Amino acid sequence: MRGTILHFLKDPGETSDPRAWEVFEDGVLAVDAEGKVAWAGPAGRLPYRLREGARHEDHRGKLIVPGFVDTHVHASQVDIIASYGEQLLQWLEKYVFPAEAKFGDRAHARAVSGFFLDRLLAAGTTTASVFPTVHPVSVDAFFEQAAERNLRMLCGKVLMDREPYAPAYLRDSSTDQAERETRELIDRWHGRGRLGYSLTPRFAPTSTERLLTMVGRLHRDHPDLWLQTHVSENKDEVALVKKLFGGRSYVDVYDRYGLVTSKSLFAHGIHIDDTDRSRLADAGSAIAFCPTSNLFLGSGLFDLHSARRQKVNVGMGTDIGAGTSYSMLQTLNEAYKVTALRGRGLSAYRGFYLATLGGARALDLDHVIGNFAPGKEADFTVLDWAADPTLARRTDMAKTFDERLFALMILGGEQAVAATYVLGNRVYERQP
Ligand code: GUN
Ligand code: ZN
């Protein structure tokens, strides 16, 4: 693949340390027969052995980056994106739970999962940590669709059993049943091809103590599983958790059950303090920063600066359907505005890092994806600097690569994704 190449070797931080990334203005990304990265560098230095017999694709004038990583998203909420007027708890009751109830039907779950994955690919996203629903068939449907597309994906049955916050029509009937179903799904899917299983208690208010205890035990028995949930998204939610569980903090409640580990991924983490952050950092847990969702539901402004200061892993999440775009570029655009409202900023370098290698690190997948280090899986996205007249004009005006990249981060979106590749094969191409 020939084009301009950008990838990251580490977190550029707030000062944008230039040793953190590599840009090859006229670069080549060489992919081997297994779909792994063979080499990435300046076109003029492509080793001779990689030229012979190779198939070429020319993306000169475009930007090739590692496939975006969406660290938090709900495949089950495709149909309720842009639902009006509520904050988290009422929004769940009014829009989310009725939509999720339909996923007990295998055909529906299959069709929506397929649509969802195609939207991710059209947005340049090749890996995600995904919530389906409480129904085991929703997990089967999702993983089947992901396997058909050869995608590296994390998912797991949503666990929710607490009255009245989990409604009767969308609830695990017993902890034993929930555990049995979870174990069956782990056996069927975990480690199959590029798929990984994530223990998925929805959040504390829909969980009994018995359920969280069961999840903690499963995780101790299977430390190689992932764990995903929500934490401290909304002030009413935080107050409810305090009422139901007590404890010093919401993070502390999860910690009590052994759910704060190096494989744990917490969506949102807006209303947390330094003690929580240092606990998350020590455990090696990660937070999914979901700005379009946080603004849409009026949840609050995530403190990216403090997370960085306290060395908490952070990835970007779209959180569809509270989030309003599948595009990681649009997500970074809103992330920039959240940091601006907090009197900070987010450089394009750090933004692109968070959406690629940072996301891979948050998901503990950086040994296989996230950049173009030789041997990693060659999932990547080709971005168009001139996708629409506004972006094209701004790109033309830009004097430096930094300036162009920032314009792409703010003005880009799905329209800027010219093509998406999975294991070196093109799986999406923008229609003219
Ligand atoms: N907290 C518990 N469930 C959900 C959900 O589906 N979306 C969001 N944004 N927050 C949640
Ligand atoms: Zn969510």
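Note that the coordinates shown come from a computational prediction; the quantities given were computed from them, not determined experimentally. (Residues numbered from 1 in each chain as written. Chains lettered and ligands numbered in written order. Predicted model: local features only at pLDDT ≥ 70, side-chain atom pairs only at ≥ 80, totals over all residues. Heavy atoms only, no water.)

## Re the packing of aromatic side chains
In step 1: According to the stated counting rule, one finds 15 aromatic pairs in the structure shown.
In step 2: Between Trp 21 and Tyr 349, the aromatic rings sit 3.6 Å apart at their centres with planes inclined by 10 degrees, giving stacked as the arrangement. Of this pair, Trp 21 sits in strand 2 (residues 21–31) while Tyr 349 sits in helix 13 (residues 348–355), and the two are 328 residues apart along the sequence. Neither residue differs from the other here; Trp 21 and Tyr 349 are each classed as buried.
In step 3: Between Trp 385 and Phe 401, the aromatic rings sit 5.8 Å apart at their centres with planes inclined by 80 degrees, giving edge-to-face as the arrangement. Of the two residues, Trp 385 sits in the loop between strand 14 (380–383) and helix 15 (389–397) while Phe 401 sits in helix 16 (residues 401–411), which places them 16 residues apart along the sequence.
In step 4: In this structure Trp 385 comes out as buried when scored by relative accessible area, which is 4%.
In step 5: Owing to a relative accessible area of 11%, Phe 401 belongs among the buried residues under this scheme.
In step 6: Every member of this aromatic cluster is reached through a ring pair, and the members are Phe 116, Phe 142, Phe 143, Trp 189 and Tyr 326.
In step 7: The side chain of Lys 263 reaches across the aromatic face of Trp 226, ending 3.7 Å from its centre.
In step 8: The cationic tip of Arg 404 hangs over the ring face of Trp 385; the distance from NZ or CZ to the ring centre is 4.3 Å. (Phe/Tyr/Trp six-rings, centres within 6.5 Å; stacked < 30°, edge-to-face > 60°. Helix = DSSP H or I, 4+ residues; strand = E, 2+ residues; numbered from the N terminus. Buried < 20%, exposed > 50% of the residue type's maximum accessible area, 1.4 Å probe, protein only. Lys NZ or Arg CZ within 6 Å of the ring centre and 35° of its normal.)

## Observations regarding the site of ligand 1
In step 1: Taken together, His 74, Gln 77, Leu 88, Trp 91, Leu 92, Arg 202, Phe 203, His 230, Glu 233, His 268, Asp 319 and Ala 322 make up all the residues around ligand 1.
In step 2: In the complex, the protein chains occlude 100% of the 280 Å² of accessible area that ligand 1 would expose alone.
In step 3: According to the grid-proximity analysis, the pocket containing ligand 1 is the largest cavity.
In step 4: Among the residues making up the shell around ligand 1, the classes are represented as five nonpolar, four polar and three charged. (Near = heavy atom within 4 Å. Areas by Shrake-Rupley, 256 points an atom, 1.4 Å probe, with all protein chains shown as cover. 1 Å grid on protein atoms, 1.4 Å probe; cavity = no way out; pocket = protein on both sides within 12 Å on 5 of 7 lines; lining within 4 Å. Sits in = over half its atoms within 2 Å of the grid points. Nonpolar A, V, L, I, M, F, W, Y, C, P; charged D, E, K, R; others polar.)

## Structural notes on helix 5 (residues 175–189)
Given 3.6 residues per turn, any residue in an α-helix points the same way as the ones three and four places further on.
In step 1: If you check helix 5, its first and last C-alpha atoms are 21 Å apart, about what 15 residues at 1.5 Å a residue would give, namely 21 Å.
In step 2: All buried positions along helix 5 are accounted for by Thr 175, Ala 178, Glu 179, Glu 181, Thr 182, Leu 185, Ile 186 and Trp 189. Looking down the long axis of helix 5, one finds its buried residues gathered within 165 degrees of arc, a one-sided arrangement.
In step 3: Buried residues along helix 5 sit in contact with helix 4 (136–148), strand 8 (158–159), strand 9 (195–201) and helix 6 (209–221).
In step 4: Of the residues flanking the end of helix 5, it is Gly 191, one or two places downstream, whose phi is positive at about 80 degrees. (Expected span 1.5 Å × (residues − 1). Arc of directions from axis to C-beta. Contact = heavy atoms within 4.5 Å.)

## Observations regarding the nonpolar core
As a rule of thumb, soluble globular proteins bury nonpolar side chains together.
In step 1: In terms of nonpolar packing, the biggest core is built from 113 residues, with Phe 116, Phe 142, Met 153 and Phe 352 touching the most fellow members.
In step 2: Ranked by residues supplied to this core, first place goes to helix 2 (residues 88–101) with seven residues.
In step 3: Apart from the residues within four sequence positions on either side, Met 153 is in contact with Leu 117, Leu 120, Thr 126, Thr 127, Ala 128, Val 130, Phe 142, Phe 143, Ala 146, Arg 194, Leu 195 and Gly 196. (Core = buried A, V, L, I, M, F, W, Y, C linked by side-chain atoms within 4.5 Å.)

## Some points on the coordination of the zinc ion (ligand 2)
In step 1: Here the zinc ion (ligand 2) is held by His 72 (NE2), His 74 (NE2), His 230 (NE2) and Asp 319 (OD), and the distances to it run 2.0 to 2.4 Å.
In step 2: Considering all four donor atoms around the zinc ion (ligand 2), angles at the metal cover 89 to 170 degrees and the coordination shape is irregular.
In step 3: Positions of the donor residues of the zinc ion (ligand 2), expressed as sequence spacing, correspond to H-x1-H-x155-H-x88-D. Taken together, the positions of His 72 in strand 5 (residues 68–74) and Asp 319 in the loop between strand 13 (313–316) and helix 12 (328–341) put the pair 247 residues apart, joining distant regions of the chain. The exposure classification of His 72 matches that of Asp 319, with both residues buried. (Donors = N, O, S within 2.8 Å, 3.2 Å for Na, K, Ca; no water. Tetrahedral: all angles 85-135°; square planar, octahedral: opposite > 155°, others 65-115°.)

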